[in-house]
Number of protein chains: 2
Amino acid sequence: MPKVVDHDARRREITGALWRLAAREGLEAASLASVAAEAGVSKGRVQHYFASRDELLAFAASALRERLGARVSARVAAAGTDPRAVVRALLAGLLPLDEEGRADALVGSAFLVRAIADPAARAQLRTGEEEILAALADGLAALPGVRDPRAEAEVLHALVGGLADSLLVERHTPDSALAVLDRHLAALG
Amino acid sequence: MPKVVDHDARRREITGALWRLAAREGLEAASLASVAAEAGVSKGRVQHYFASRDELLAFAASALRERLGARVSARVAAAGTDPRAVVRALLAGLLPLDEEGRADALVGSAFLVRAIADPAARAQLRTGEEEILAALADGLAALPGVRDPRAEAEVLHALVGGLADSLLVERHTPDSALAVLDRHLAALG
């Protein structure tokens, strides 16, 4: 079904333009018109693929979750079978440690601001966070010394959230952020 | 010098309008004109007290730091002399646990987004974070089991940063956020 593929590819092209715009100027700057301009197409063309700004943003949020999931999965797959290495890979995959991760985190922080005011965006964000917490708790359950994996997952989730902010404002480098994470992981179990 | 007092009081009134606007619509929505409208005064009147939007935002960031400092100090003073209670008070003071803290955190997260793109805002943010880290390290140095207070301060700082985000999107309640914090503090020293 080449038409469906085309449709999806076009939607992703438009989402890519939203990405660049949001990372540069914040999500609030993204309207159907400004995204069309960034993508170099007409506003009508964008409206052909997204009925409203809300629909565009919801699709972009899903795309962000997919990208984050793919990055985490790749790191976890490369980590081998040592449970501690798996947990570290999961957490490192959530941190903006390279250009791609940084662009995603910028969009992510814009979505966070949106989620504060918008219940639908908040529900979407929570679904993503629940997935992360469940994966973390699974990984932690394999560490012998961790008695309450879910509670420890909450600590680690908050820790990477704070580190991500410090990375975005360049108070931490990737190395110093990972050192904070490793310090905490070393004390676990 | 009543004139100086007036000047300062007026600047704070205008900053209060910026606060409400930023908490409601994000910092990007705050222009000299929109802040004037929110304050119920003319744009010229705002310009009398602030030469530019940047000057207004820099003043507001200082005001935010003062408010945060006052809230933390009040909690620390009420905590007594037990070193662990002092550290907990410091950390709890940084979390958006009530309406006032929430409004401040909303403005704070808007400043964080601004600091990502703006070196001057970033320098100002880092100064504030260094103050927090130094105070935390001081408090932690009084705990017998903490061997590297500065490194542990970095962990706790990241932890409250992540918890603050989860509080803003209401994934955590004040109680559940404090429970995560207490769990980590119980494992310390």
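Residues numbered from 1 in each chain as written. Chains lettered and ligands numbered in written order. Predicted model: local features only at pLDDT ≥ 70, side-chain atom pairs only at ≥ 80, totals over all residues.

1. Structural notes on the overall build of chain A
Moving on, step 1. Secondary structure summary: chain A contains nine helices and zero strands in total.
Moving on, step 2. Taken from the N to the C terminus, the helices and strands of chain A come in the order α-α-α-α-α-α-α-α-α.
Moving on, step 3. Counting only C-alpha atoms, chain A reaches 60 × 40 × 30 Å along its principal axes.
Moving on, step 4. Here chain A holds 189 residues, and 39% of them are scored as buried.
Moving on, step 5. By sequence separation, contacts in chain A at least 24 residues apart represent 53% of the contacts at least 6 residues apart. (Helix = DSSP H or I, 4+ residues; strand = E, 2+ residues; numbered from the N terminus. Buried ≥ 20, exposed ≤ 12 C-beta atoms within 10 Å, placed from the backbone. Contact = placed C-beta atoms within 7 Å.)

2. Thoughts on the relation of the copies chain A and chain B
Moving on, step 1. When chain A is brought onto chain B, the operation consists of a screw motion whose angular component is 180° and whose axial shift is 0.0 Å, with 0.0 Å RMSD remaining. Classification of the inter-copy transformation places it as that of a two-fold axis.
Moving on, step 2. Interface overlap between copies is the fraction of interface residues in one copy that are interface residues in the other; for chain A against chain B it reaches 100%, indicating a shared surface. (Least-squares fit on C-alpha atoms with pLDDT ≥ 70 in both.)

3. Here we look at the interface of chain A and chain B
Moving on, step 1. Listed per partner, the contact involves 31 residues of chain A and 31 residues of chain B.
Moving on, step 2. At 13 residues, the largest contribution of residues to the side of chain A that touches chain B is made by helix H8 (residues 149-168) of chain A.
Moving on, step 3. Counted by class, the side of chain A that touches chain B contains 15 nonpolar, seven polar and nine charged residues. (Nonpolar A, V, L, I, M, F, W, Y, C, P; charged D, E, K, R; others polar.)

4. Points about the domain arrangement of chain A
Residues and elements named next belong to chain A.
Moving on, step 1. Per the domain assignment, the segments making up chain A are domain 1 (1-51) and domain 2 (57-186).
Moving on, step 2. Put simply, the middle of domain 1 and the middle of domain 2, counted by C-alpha atoms, are 26 Å apart.
Moving on, step 3. In this assembly, nine residues from domain 1 lie in contact with nine residues from domain 2.
Moving on, step 4. Here the residues of the side of domain 1 that touches domain 2 are counted per class, giving six nonpolar, two polar and one charged. (Domains from an automatic or database assignment.)

5. Here we look at helix H8 (residues 149-168) of chain B
Residue and element names in this part refer to chain B.
Moving on, step 1. Here H8 contains 20 residues, and its C-alpha end-to-end distance of 28 Å stays within 8% of the 28 Å for a straight helix at 1.5 Å per residue.
Moving on, step 2. Extensive coverage of H8 is indicated by the burial of 17 of its 20 residues.
Moving on, step 3. One or two steps after H8, the chain reaches Glu-170, where phi turns positive at roughly 60°. (Expected span 1.5 Å × (residues − 1).)

6. Looking at the nonpolar core
Moving on, step 1. One finds Phe111(A), Leu159(A), Leu163(A), Phe111(B), Leu159(B) and Leu163(B) to be the most contacted residues of the largest nonpolar core, which totals 102 residues.
Moving on, step 2. Residues contacting Phe111(B), with those up to four places away along its chain left out, are Leu27(B), Ala61(B), Leu64(B), Ala121(B) and Leu125(B). (Core = buried A, V, L, I, M, F, W, Y, C linked by C-beta atoms within 7 Å.)

7. A word on unusual backbone geometry
Moving on, step 1. Phi at Glu170(A) is positive, roughly 60°, even though this residue is not glycine.
Moving on, step 2. Exposure remark for Glu170(A): the 13 C-beta atoms within 10 Å place this residue in the partly exposed category.

8. With respect to the packing of H8(A) against H8(B)
Moving on, step 1. Contact geometry of H8(A) with H8(B) gives a least axis separation of 6 Å together with a crossing angle of 95°. In terms of axis orientation, H8(A) runs roughly perpendicular to H8(B). The segment H8(A) lies against H8(B), with Val155(A), His157(A), Ala158(A), Leu159(A), Val160(A), Gly161(A), Gly162(A), Leu163(A), Asp165(A) and Ser166(A) engaging Val155(B), His157(B), Ala158(B), Leu159(B), Val160(B), Gly161(B), Gly162(B), Leu163(B), Asp165(B) and Ser166(B).
Moving on, step 2. Across the contact of H8(A) with H8(B), the residue classes break down as 10 nonpolar, eight polar and two charged. (Axes fitted to C-alpha atoms, helices over the stretch in contact; angles between N-to-C directions. Parallel < 35°, antiparallel > 145°, perpendicular 65-115°, else oblique.)

9. Digging into the confidence of the model for chain A
Moving on, step 1. Residue-level pLDDT values for chain A average 89, and 97% of them are 70 or greater.
Moving on, step 2. Interface scoring of the predicted complex returns ipTM 0.84; its pTM is 0.86. (pLDDT = per-residue confidence, 0-100.)

10. Focus: helix H4 (residues 53-78) of chain A
Moving on, step 1. Counted at 1.5 Å a residue, the expected span for H4(A) with its 26 residues is 38 Å, and the 38 Å between its end C-alpha atoms agrees.
Moving on, step 2. Taken together, the buried positions of H4(A) are occupied by Leu56(A), Leu57(A), Ala60(A), Ala61(A) and Leu64(A).

11. Details of the environment of Val155(A)
Moving on, step 1. Mapped onto the elements, Val155(A) comes out in helix H8.
Moving on, step 2. Given 22 C-beta atoms within a 10 Å radius, Val155(A) is considered buried.
Moving on, step 3. Taking the C-alpha atoms as reference points, Val155(A) and Leu133(A), 22 residues apart in sequence, are found 9.9 Å from one another.
Moving on, step 4. Once residues within four sequence positions are removed from consideration, Val155(A) is found in contact with Leu159(B), Val180(B), Arg183(B) and His184(B).

12. Looking at the packing of helix H4 (residues 53-78) of chain B against helix H5 (residues 83-94) of chain B
Residues and elements named next belong to chain B.
Moving on, step 1. One way to put it is that H4 packs onto H5 with a least axis distance of 8 Å and a crossing angle of 150°. In terms of orientation, H4 and H5 fall into the roughly antiparallel class. Crossing geometry of H4 relative to H5 is assigned as right-handed. Only Val-86, Ala-89, Leu-90, Ala-92, Gly-93 and Leu-94 of H5 make contact with H4, whose side of the interface consists of Arg-71, Val-72, Arg-75, Val-76 and Ala-78.
Moving on, step 2. Residues that form the contact of H4 with H5 fall into these classes: eight nonpolar, one polar and two charged. (Left-handed = near helix turned anticlockwise from the far one by under 90°.)

13. A word on the environment of Leu21(A)
Moving on, step 1. Relative to the helices and strands, Leu21(A) resides in helix H1 (residues 2-25).
Moving on, step 2. C-alpha of Leu21(A) to C-alpha of Leu140(A): the two residues are 119 residues apart in sequence and 37 Å apart in space.

14. Remarks on the environment of Leu91(B)
All names here are of chain B.
Moving on, step 1. Along the polypeptide, Leu-91 turns up in helix H5.
Moving on, step 2. Judged by local crowding, Leu-91 falls into the buried class, with 24 C-beta atoms found within 10 Å.
Moving on, step 3. Each C-alpha atom of the pair Leu-91 and Phe-111 lies 20 Å from the other, and the pair is 20 residues apart in sequence.
Moving on, step 4. Excluding its chain neighbours within four sequence positions, the residues that come into contact with Leu-91 are Leu-156, Val-160 and Leu-181.

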